Amino acid sequence: AQSVTQPDIHITVSEGASLELRCNYSYGATPYLFWYVQSPGQGLQLLLKYFSGDTLVQGIKGFEAEFKRSQSSFNLRKPSVHWSDAAEYFCAVGPNAGKSTFGDGTTLTVKP
Amino acid sequence: DTGVSQNPRHKITKRGQNVTFRCDPISEHNRLYWYRQTLGQGPEFLTYFQNEAQLEKSRLLSDRFSAERPKGSFSTLEIQRTEQGDSAMYLCASSFYPLSTDTQYFGPGTRLTVL
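First, a word on what this report is: a plain description of the structure on this page.

Definitions and limits used
Residues numbered from 1 in each chain as written. Chains lettered and ligands numbered in written order. Predicted model: local features only at pLDDT ≥ 70, side-chain atom pairs only at ≥ 80, totals over all residues. Heavy atoms only, no water. Helix = DSSP H or I, 4+ residues; strand = E, 2+ residues; numbered from the N terminus. Rg over C-alpha atoms; globule rule 2.2 N^0.38 Å. Contact = heavy atoms within 4.5 Å. Areas by Shrake-Rupley, 256 points an atom, 1.4 Å probe, with all protein chains shown as cover. Salt bridge = Lys/Arg side-chain N within 4 Å of Asp/Glu carboxyl O. Buried < 20%, exposed > 50% of the residue type's maximum accessible area, 1.4 Å probe, protein only. Phe/Tyr/Trp six-rings, centres within 6.5 Å; stacked < 30°, edge-to-face > 60°. Lys NZ or Arg CZ within 6 Å of the ring centre and 35° of its normal. Pairing = 2+ DSSP bridges. Axes fitted to C-alpha atoms, helices over the stretch in contact; angles between N-to-C directions.

Here we come to the overall build of chain B. A count of helices and strands for chain B gives zero helices and 11 strands. Overall, chain B shows an N-to-C arrangement of helices and strands of β-β-β-β-β-β-β-β-β-β-β. On C-alpha atoms alone, chain B measures out to a radius of gyration of 13 Å, which is about the 13 Å that the 2.2 N^0.38 rule sets for 115 residues. Excluding contacts between residues fewer than 6 apart, the proportion of contacts in chain B whose partners are at least 24 apart in sequence is 53%. As displayed, chain B has an accessible area near 5,900 Å², and 46% of this comes from carbon and sulfur atoms.

Okay, structure coming up:
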């Protein structure tokens, strides 16, 4: 069975500071991995995805994530956080996009 | 391209009533997915269609739930005899398969409150 753990329920960072959101997964084969962002009243938006190849993936809005097979992790990073990045972030794993299993999310608060 | 739309955005109903939600996917997308999201949790897969065929249903989808995509375009999700535990956000997503990326695009969701 596939599963995702996002260990941090809530993270607070200062504007301009760097950010790392953790994601650990369990999957029996080579996974497809995704990070989504959800703002209040908005649908989920795909930030980036990993299917194969380069383990450092670049996404939209200045986000990147690194796939580490040995650690079963796919952590999301951003070098400098903006106030507009405050939202909920979800990591997902699956055989494809449609049958993904999502983590329970990490809520990001950005302090001015 | 106006994205994935869902209607209504909010629905309040009394326990025991039936409700129906609609999802309009991105026009050229052949796959359509339904998810349920409760407070503090990530989306949970319910079912998905490829064109008009319903290819998979989660065990979460009890007999009170039914989904259709009659012409391979829009889809409806009906919940019969609603229960308070059905209160959640119902999300729809679409994608174009078999593009290798198979990226899902999500709608804004329908929030259901069962009193």
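From this point on, the discussion continues.
We now examine the pattern of salt bridges. Scanning the model with the defined rule gives seven salt bridges over all chains in all. Of the charged contacts in the structure, one is a salt bridge between Arg 77 of chain A and Glu 66 of chain A, with a shortest N-O distance of 3.3 Å. Residue Arg 77 of chain A is located in strand 9 (residues 73-78), and its partner Glu 66 of chain A is located in strand 8 (residues 64-68); the two are separated by 11 residues in the primary sequence. What makes Arg 77 of chain A partly exposed here is its relative accessible area of 23%. For Glu 66 of chain A, a relative accessible area of 24% corresponds to the partly exposed category. Note that Arg 64 of chain B and Glu 83 of chain B form a salt bridge whose closest N and O atoms lie 3.4 Å from each other. Within this pair, whereas Arg 64 of chain B is found in the loop between strand 6 (53-57) and strand 7 (65-68), its partner Glu 83 of chain B is found in the loop between strand 8 (75-79) and strand 9 (88-95), the two being separated by 19 residues in sequence. On the basis of relative accessible area, Arg 64 of chain B is assigned to the buried category, the value being 11%.

Along the chain, the position of Thr 55 of chain A falls in the loop between strand 6 (44-50) and strand 7 (56-58). Discounting chain neighbours no more than four positions away, the residues touching Thr 55 of chain A are Tyr 50, Ala 65, Glu 66 and Phe 67 of chain A.

A few words now on the packing of aromatic side chains. Two aromatic rings are characterised by how far apart their centres lie and by the angle between their planes. For the structure on display, the rule yields 17 aromatic pairs over all chains. Residues Phe 34 of chain A and Phe 51 of chain A carry aromatic rings whose centres are separated by 5.9 Å and whose planes lie at 75 degrees to one another, so their mutual orientation is edge-to-face. Note that Phe 34 of chain A is positioned in strand 5 (residues 32-38) and Phe 51 of chain A in the loop between strand 6 and strand 7, a separation of 17 residues in sequence. When sorted by exposure, Phe 34 of chain A lands in the same class as Phe 51 of chain A, which is buried. By way of ring pairs, the aromatic residues Tyr 32, Phe 34, Tyr 36, Phe 51 and Phe 102 of chain A together with Tyr 33, Tyr 35, Phe 45, Tyr 48 and Phe 106 of chain B are connected into one cluster. Geometry around Phe 74 of chain B places Arg 22 of chain B over its ring, the cationic atom sitting 3.9 Å from the centre. The ring of Tyr 97 of chain B carries the charged tip of Arg 31 of chain B above its face, separated from the ring centre by 3.5 Å.

Bringing the sheet that holds strand 3 (residues 19-24) of chain B into the picture now. Strands in a sheet are paired, the pairing made by backbone hydrogen bonds, and the direction either parallel or antiparallel. All names here are of chain B. Spatially, 1-3-8-7 is the arrangement adopted by the four strands of the open sheet, whose pairing is antiparallel. Strands with a single pairing partner mark the edges of an open sheet, and in this sheet they are strand 1 (5-7) and strand 7. When strand polarity is set aside, the average angle formed by the axes of neighbouring strands in this sheet is 15 degrees.

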